[in-house]
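Chain and residue survey
Now for the letters of each chain:
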Amino acid sequence: MTNVERDLSLADKFIVSVIGSSHFNMEFDGAEADICWESFLDSSIQHGVAPLLYFTIKSNPQFNVPEWVVEQLKDSFFASFVRQAAYHAELEQLITYLRGKGIEIIVMKGPVLSRLFYPDPALRYFVDIDLLFKEKDWGEIRSFLLKAGYIATKDCEVLPPKLIAGEVHEHILAFYNEDGLKVELKLDPFDLGVGSRMIDEIWERSTSCDFGSFTCRSLAPEHQLLHLLVHLNQHGFGKVKWFVDIAFILMNERALDWELVIHDAKREGILAPIYFSLVHVCKLFNIKMNEEILDQLRPGYIKRTMWRSIWPEKDITNFSGIQYAALLFPKKVFSKWFIPN
């Protein structure tokens, strides 16, 4: 594959170099770059990494970032801190209430990633909370959110009938409150339009995440990794923060069970997004990946060819791949997912 750096804008290259050199053993190579700092700030917000950049840059003179830029990054850091505190309070109320009813949920992405893998929880910016739940608990969860002042994007007291066996609903299960907080309810961590073949194992292997004043359930690290790799591909490789999430898991001291990752990726039929997402995360941050593991994750020739035709290298390396492509991620539009599934 070609060199990723050739297709990055100057601002994006600087962002990747700062994060990579500080957290993923890359060499910093942006000291002489003629950066447009307004573009840098815009990109840091667009990519969801402004708080992480503030933490990384504020005490490191080698990056040579102007003080006024650091101050704006600082504003983003504290805004992230305040928003996380609001979500923390909402999540605690929801989990406490549901546990009182004997109901468990699994918290995905931002809130748990920030605590399990980031140097400080405020460094992982997120705009919503994704919760994995069981279909039988829909009524109780919906009732609590409505009483707590949330408004459903498309309210339904009973989930609508399924068009095909195994269909899972997710695009209608979002709630907002007057403060702009958003909760998305998921029945499948991979959002493929049909239920996961291993949903029972996902629940059984889920672990506990400590939020200080309460605990919640989170995906096992191996399932967290699979979820994030698929999510990165689904969203067209569009934000640096999604690459960073995966890189932090790969670089974490806790060893991953790669046999489980490989087995479950094959079982779920998601080898193509898993393999290619993993390859590009490692390329972006110069992470050394075990070649034997990659060989076992590599999909067949037809799937590789199809994947590359939809997501050419140049689109991934400048963060502009398409989202929810037909056949590979057929979930949003009926005509895209009905026949493949």
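To start, this report covers the structure provided alongside it. (Residues numbered from 1 in each chain as written. Predicted model: local features only at pLDDT ≥ 70, side-chain atom pairs only at ≥ 80, totals over all residues. Heavy atoms only, no water.)

This part takes up the packing of helix 2 (residues 37-46) against helix 3 (residues 50-57). For the pair helix 2 and helix 3, interaxial distance at closest approach is 7 Å and the crossing angle is 120 degrees. It follows that helix 2 is oblique to helix 3 by the angle criterion. The segment helix 2 lies against helix 3, with Phe40, Ser44 and Ile45 engaging Ala50, Leu53 and Ile57. Taken together, the residues of the contact of helix 2 with helix 3 break down into five nonpolar, one polar and no charged. (Axes fitted to C-alpha atoms, helices over the stretch in contact; angles between N-to-C directions. Helix = DSSP H or I, 4+ residues; strand = E, 2+ residues; numbered from the N terminus. Parallel < 35°, antiparallel > 145°, perpendicular 65-115°, else oblique. Contact = heavy atoms within 4.5 Å. Nonpolar A, V, L, I, M, F, W, Y, C, P; charged D, E, K, R; others polar.)

In this structure, Gln46 sits in helix 2. Looking at Gln46, the relative accessible area reads 48%, which means it is partly exposed. Separated by 52 residues in sequence, Gln46 and Leu98 place their C-alpha atoms 34 Å apart. (Buried < 20%, exposed > 50% of the residue type's maximum accessible area, 1.4 Å probe, protein only.)

Glancing now at the nonpolar core. If you look at the biggest cluster of nonpolar residues, it comprises 82 residues, and the most contacted ones within it are Ile19, Phe40, Leu250, Trp258, Phe285 and Leu297. Residues Leu91, Ile95, Tyr150 and Phe211 belong to the second largest nonpolar core, which totals 32 residues. (Core = buried A, V, L, I, M, F, W, Y, C linked by side-chain atoms within 4.5 Å.)

So, about the side chain of Asn177. The residue Asn177 is located in the loop between strand 4 (174-176) and strand 5 (182-186) in this model. Engagement of the side chain of Asn177 in a polar contact is seen with the backbone nitrogen of Asp179, the distance being 3.0 Å. If near-sequence neighbours (up to four positions away) are discounted, Asn177 is found in contact with Glu90, Gly149 and Tyr150. (Polar contact = N/O pair within 3.5 Å; in protein donor to acceptor, adjacent residues only side chain to side chain.)

The full count for this structure, using the stated rule, is three cavities of 30 Å³ or more. What lines the largest cavity is simply Glu90, Leu91, Leu94, Ile129, Leu131, Phe144, Leu145, Ala148, Tyr150 and Val183. Secondary-structure elements contributing two or more residues to the lining of the largest cavity are helix 4 (67-100), strand 2 (129-132) and helix 6 (138-147). Among the elements that make up the lining of the largest cavity, the one with the highest residue count is helix 4 (three residues). Considered class by class, the residues forming the lining of the largest cavity number nine nonpolar, no polar and one charged. (1 Å grid on protein atoms, 1.4 Å probe; cavity = no way out; pocket = protein on both sides within 12 Å on 5 of 7 lines; lining within 4 Å. Points joined across faces, edges and corners; volume = space filled by probe spheres on them.)

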